[in-house]
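Here are the chains, one letter per residue:
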Amino acid sequence: MESSDDEAPELVPAVFRPVPVTIITGYLGAGKTTLLNYILTEQHEKRIAVILNEFGEGSALERSVAVGQAGELYEEWLELRNGCLCCSVKDNGVKAIENLMTKRGKFDYILLETTGLADPGPIASIFWLDKELGSDIFLDGIVTVIDSKHGLKQLGVKPQLETSDECGKDSLNEAVRQVALADLIIVNKVDLVNQEQLAELKKEIRGINGAAELMETTRCRVDLHRILDQRAYTGSAQLHRLEKLIEDVEAHRNLQHLDKAVVTVTVDVPRAVSRSGLDLFLQKLLWESDSVSSSGPPLSIIRLKGVVSLCNEERPLLVQAVYDMYDTEPIFADVGDSPNCRFIFIGRGLQKRVLEDLFLECADHEGSSSWR
Ligand SMILES: Nc1nc2c(ncn2[C@@H]2O[C@H](COP(=O)(O)OP(=O)(O)OP(=O)(O)O)[C@@H](O)[C@H]2O)c(=O)[nH]1
Ligand SMILES: [Zn+2]
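Calculation notes
Residues numbered from 1 in each chain as written. Chains lettered and ligands numbered in written order. Predicted model: local features only at pLDDT ≥ 70, side-chain atom pairs only at ≥ 80, totals over all residues. Heavy atoms only, no water. UniProt positions renumbered as here; feature names shortened; annotations may be inferred. Pairing = 2+ DSSP bridges. Helix = DSSP H or I, 4+ residues; strand = E, 2+ residues; numbered from the N terminus. Axes fitted to C-alpha atoms, helices over the stretch in contact; angles between N-to-C directions. Near = heavy atom within 4 Å. Polar contact = N/O pair within 3.5 Å; in protein donor to acceptor, adjacent residues only side chain to side chain. Areas by Shrake-Rupley, 256 points an atom, 1.4 Å probe, with all protein chains shown as cover. Nonpolar A, V, L, I, M, F, W, Y, C, P; charged D, E, K, R; others polar. Buried < 20%, exposed > 50% of the residue type's maximum accessible area, 1.4 Å probe, protein only. Donors = N, O, S within 2.8 Å, 3.2 Å for Na, K, Ca; no water. Tetrahedral: all angles 85-135°; square planar, octahedral: opposite > 155°, others 65-115°. Phe/Tyr/Trp six-rings, centres within 6.5 Å; stacked < 30°, edge-to-face > 60°. Arc of directions from axis to C-beta. Contact = heavy atoms within 4.5 Å.

Looking up the protein chain in an unreviewed UniProt entry gives the name COBW domain-containing protein 1, with the organism given as Cryptotermes secundus. Regarding the protein chain, the UniProt comment filed under Catalytic activity (unreviewed entry) reads as follows: "GTP + H2O = GDP + phosphate + H(+)".

1. Considerations on the sheet that holds strand S11 (residues 317-322)
Strands sit in the order S9-S13-S10-S11-S12 across an open sheet of five strands; the sheet is antiparallel. Each of the sheet's edge strands pairs with one partner strand only, and the pair in question is strand S9 (262-269) and strand S12 (325-330). Here the strands of the sheet are splayed against their neighbours by 15° on average, with no regard to which way each runs. In this sheet, strand S13 (residues 341-348) lies alongside strand S10 (residues 300-308) in antiparallel orientation, the contact comprising eight bridges.

2. Here's the deal with the site of ligand 1
Taken together, 16 residues lie around ligand 1, and Lys 32, Thr 33, Thr 34, Asp 191 and Arg 219 are the ones closest in. Within the backbone of Ala 30, a nitrogen or oxygen atom sits 3.1 Å from an oxygen atom of ligand 1. Taking 650 Å² as the accessible area of ligand 1 by itself, protein coverage stands at 71%. At three residues, helix H1 (residues 32-42) tops the list of elements feeding residues into the shell around ligand 1. In terms of residue class, the shell around ligand 1 is made up of four nonpolar, six polar and six charged.

3. A look at the pairing of S10
For a regular strand, side chains alternate in direction, first toward one face of the sheet and then toward the other. Summarising burial for S10: eight of the nine residues are buried, a large majority. Here six bridges tie S10 to S11, and the two strands are oriented antiparallel to one another. Bridge pairing in S11 places Arg 303 opposite Val 322.

4. Quick word on the coordination of the zinc ion (ligand 2)
Note on the zinc ion (ligand 2): its protein donors are Thr 33 (OG1) and Glu 113 (OE). The metal-donor distances range over 2.0 to 2.4 Å. In this structure, the zinc ion (ligand 2) is coordinated by four donor atoms arranged in irregular fashion, with angles at the metal of 83 to 163°. Of the two residues, Thr 33 is situated in helix H1 and Glu 113 in strand S5 (residues 109-113); the sequence distance between them amounts to 80 residues. On the basis of relative accessible area, Thr 33 is assigned to the partly exposed category, the value being 36%. Exposure remark for Glu 113: the relative accessible area of 2% places this residue in the buried category.

5. A closer look at the packing of aromatic side chains
Scanning all chains against the criterion turns up six aromatic pairs. On the basis of an interplanar angle of 40° and a centroid distance of 6.1 Å, the ring pair of Trp 287 and Tyr 326 is categorised as tilted. With a gap of 39 residues between them, Trp 287 in helix H9 (residues 275-287) and Tyr 326 in strand S12 connect regions that are remote in the sequence. Aromatic side chains Phe 343 and Phe 359 sit 5.5 Å apart centroid to centroid with 65° between the ring planes, which places their arrangement in the edge-to-face category. With Phe 343 in strand S13 and Phe 359 in helix H10 (residues 352-363), the pair connects residues that are 16 residues apart, well separated along the chain. Of the residues examined, Phe 343 reaches a relative accessible area of 0% and is grouped as buried. Among the aromatic residues, ring-to-ring pairing joins Phe 281, Phe 343, Phe 345 and Phe 359 into one connected group.

6. Describing H1
For H1, the set of buried residues is Lys 32, Leu 35, Leu 36, Tyr 38 and Ile 39. The buried residues of H1 occupy one face: seen down the axis, they fall within an arc of 165°. Those residues of H1 hidden inside the fold are in contact with strand S1 (19-26), strand S2 (48-52), S5, strand S6 (137-147) and strand S7 (184-188).

As structure tokens, then:
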């Protein structure tokens, strides 16, 4: 067949908006699938795609399902490579999402359920690492479900003995990592415990992550508006959110024990920072943490959020990190005459003073930085 120049294209490419992804994590049996099903049946506004990441015995399959408004399902099964969970999860996660993206336009939200033993960090980082995917989708937030009855035991009230696994990553209890990385924590199965047990668990959770929102549920029945569209990793709303978070963290400060493995610490400095100073600070903190604290326990960051005023810039910068990866985004907010830099750090071996000193040491740094 011949084609002529004046032939009009039959299809005009649709303009898609980036799709938000909410990661649902939580220890074995906490209620992740219950939450997923609840969301799928309760909400009627969005067309939701689901990626399940079940590493069951024998059948290592990853499944992604897109649910249309009319209830129709689009299913996708992906074979998972054998091998170490934390190493393969990124590749497979990317694969699952890419597969799903071929059905773009059929859904406007993605829920991703991790296996109960997964560290959500590597999965969350997919959305930052892959710039191509980054224009299609973005991380909306991490929701961690906790079993009220077994949560304390799973968190290991005493800090775990730290050993190394094959991946060279020291094995911090996965349940603790899930709590540390959460933007929203659902304390589920409250029907199975009494008030004292619940209070003790909440205290433990707050001791680890003082910055996440916390909700109590039975069968994960929650107000869906508080789960979906959190925008925990993007946008100007973060400034106000962060202010509130810092208040919350400070309010829970007395719950934090020094011997705790993972804690939340806030730092608030009433000054601006140079762009290269900020990069230097983040790089030292996240990539060269061994050299940061000379005394005390080794420092490691699991999660970081911050809003900083930059020298010679009107717009402040939103800073986010998950483990050793960080990202920055200018936000629309007026810093006015009182520039400042505020951070929330969640991690191990964190001392407010050490973090403040490191920041001040880097703040005026001028020079080229190859990383932005
Ligand atoms: N009593 C009680 N049981 C619950 C509640 N929420 C969930 N369950 C039950 O707990 C069990 C585990 O729930 P799931 O939703 O499958 O948990 P999950 O986190 O997806 O589990 P895995 O995927 O195996 O890690 C199921 O039998 C649920 O019916 C609750 O609030 N109270
Ligand atoms: Zn499940």
